[in-house]
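If you want the building blocks of each chain, they are given just below.
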Amino acid sequence: MGRRSKYPEEFRQRAAQLVLDSRRSVREVAGELGINHETLRNWVAAERRQRADGPAALSADERMELARLRRKVAELEVEREILKKAAVFFARETGR
C-alpha cells in the first residue's frame, strides 16, 4: 500500500474539481494552491475516473475496506478447512 497523503481527501477532491470545472490548466491551479503540478494531475485523473464510474462506484475508503474484508474471508476459509480436517481426525481417533 502507498504512503498516506499529507493533504486531506476533501482538499484533493476540491483541487481536482477546480481544474475540471474551471477549464484552467493543471499548472495554473497547482501554482495557486502551492502544490506540485504532477500531484494535482494525479488527483485530476482520479476525479475523472470517479466521474466516469458514476455515483454507484466505490470510494477509495470503501475499496480499502472491501480488500480488507476479502483478505479476512480468505483467512477464515482456510481456518474453517483446518477445523474440518481436525474434526475428521478426532472423530476417527475417538471411534477406535
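Residues take numbers from 1 onward in each chain, read along the sequence in its written order. pLDDT decides what is reported in this predicted model: residues at 70 or higher carry local features, side-chain atom pairs at 80 or more are listed and counted, and totals for whole chains, interfaces and linings draw on all residues regardless. The basis for the side-chain values is all heavy atoms of the structure; hydrogens and waters are excluded.

*Asks:* I tried to follow the environment of G31 on my own but got confused; where do I start?
*Replies:* Secondary structure is summarised from DSSP: a helix means a run of H or I of at least four residues, a strand means a run of E of at least two, and numbering begins at the N terminus for each. Along the chain, the position of G31 falls in helix α2 (residues 26-33). Expressed as a C-alpha distance, the spacing of G31 and A46, which sit 15 residues apart in the sequence, is 20 Å.

*Asks:* Any chance you could explain the packing of helix α1 (residues 9-22) against helix α3 (residues 37-53) here in plain terms?
*Replies:* Working note: a packed helix pair is described by the angle between its axes plus the distance between those axes. Two elements in contact, α1 and α3, have axes whose closest approach is 8 Å; the angle formed by their N-to-C orientations is 80 degrees. As judged from the angle between their axes, α1 and α3 are roughly perpendicular. Along its contact with α1, which presents F11, R12, Q13, A15, A16, Q17, V19, L20 and D21, the element α3 presents L40, W43, V44, E47, R48 and R51. Grouping the constituent residues of the contact of α1 with α3 by class yields eight nonpolar, two polar and five charged. Throughout, an axis means a line fitted to C-alpha atoms (over the contacting stretch in the case of helices), and angles, computed between N-to-C directions, take values from 0 to 180 degrees. Here is the rule for angles: anything less than 35 degrees is roughly parallel, anything more than 145 is roughly antiparallel, 65 through 115 is roughly perpendicular, and the remaining ranges are oblique. Contacts between residues were defined by any pair of non-hydrogen atoms, one from each residue, lying within 4.5 Å. Basically, the charged four are Asp, Glu, Lys and Arg, the nonpolar ten are Ala, Val, Leu, Ile, Met, Phe, Trp, Tyr, Cys and Pro, and anything else, Gly included, counts as polar.

*Asks:* Help me understand unusual backbone geometry, please; the structure alone is not making it clear to me.
*Replies:* Most peptide bonds adopt trans geometry, and most residues besides glycine take a negative phi value. Positive phi, normally seen in glycine, also occurs at R23, with a value near 65 degrees. Looking at the secondary structure, you find R23 in the loop between α1 and α2.

*Asks:* Mind showing me how you'd approach the side chain of H37 here?
*Replies:* As for its position among the elements, H37 is in helix α3. A 3.5 Å cut-off defines polar contacts: any pair of N or O atoms within that distance qualifies, except that in protein one atom must be a possible hydrogen donor and the other a possible acceptor, and neighbouring residues in sequence count only when both atoms are side-chain atoms. Polar contacts involving the side chain of H37 include one to the side chain of R27, which spans 3.2 Å. Polar side-chain contacts of H37 include one of 3.3 Å to the side chain of E38.

*Asks:* Sorry, what's going on with the confidence of the model for the protein here?
*Replies:* Detailed reading of the predicted coordinates is not advisable wherever pLDDT falls low. The pLDDT score gives, residue by residue, the confidence of the prediction method on a 0 to 100 scale. Overall, the prediction assigns the protein a mean pLDDT of 88, with 94% of residues at 70 or greater. When mean pLDDT is compared element by element in the protein, α2 scores highest at 94, while α3 scores lowest at 89.

*Asks:* How do you make sense of the nonpolar core when you look at a structure like this?
*Replies:* With 11 residues, the main nonpolar core is built from A15, A16, V19, L20, V26, V29, A30, I35, L40, W43 and V44. For this core, the secondary structure elements donating two or more residues are α1, α2 and α3. With four residues, the top contributor of residues to this core is α1. Residues contacting A16, with those up to four places away along its chain left out, are L40, W43, V44 and E47. What is meant by a nonpolar core is a set of buried Ala, Val, Leu, Ile, Met, Phe, Trp, Tyr and Cys residues, joined one to another through side-chain atoms within 4.5 Å. Accessibility here uses a 1.4 Å probe with only protein chains present; expressed as a share of the type maximum, an area under 20% marks a residue as buried, one over 50% as exposed, and anything in between as partly exposed.

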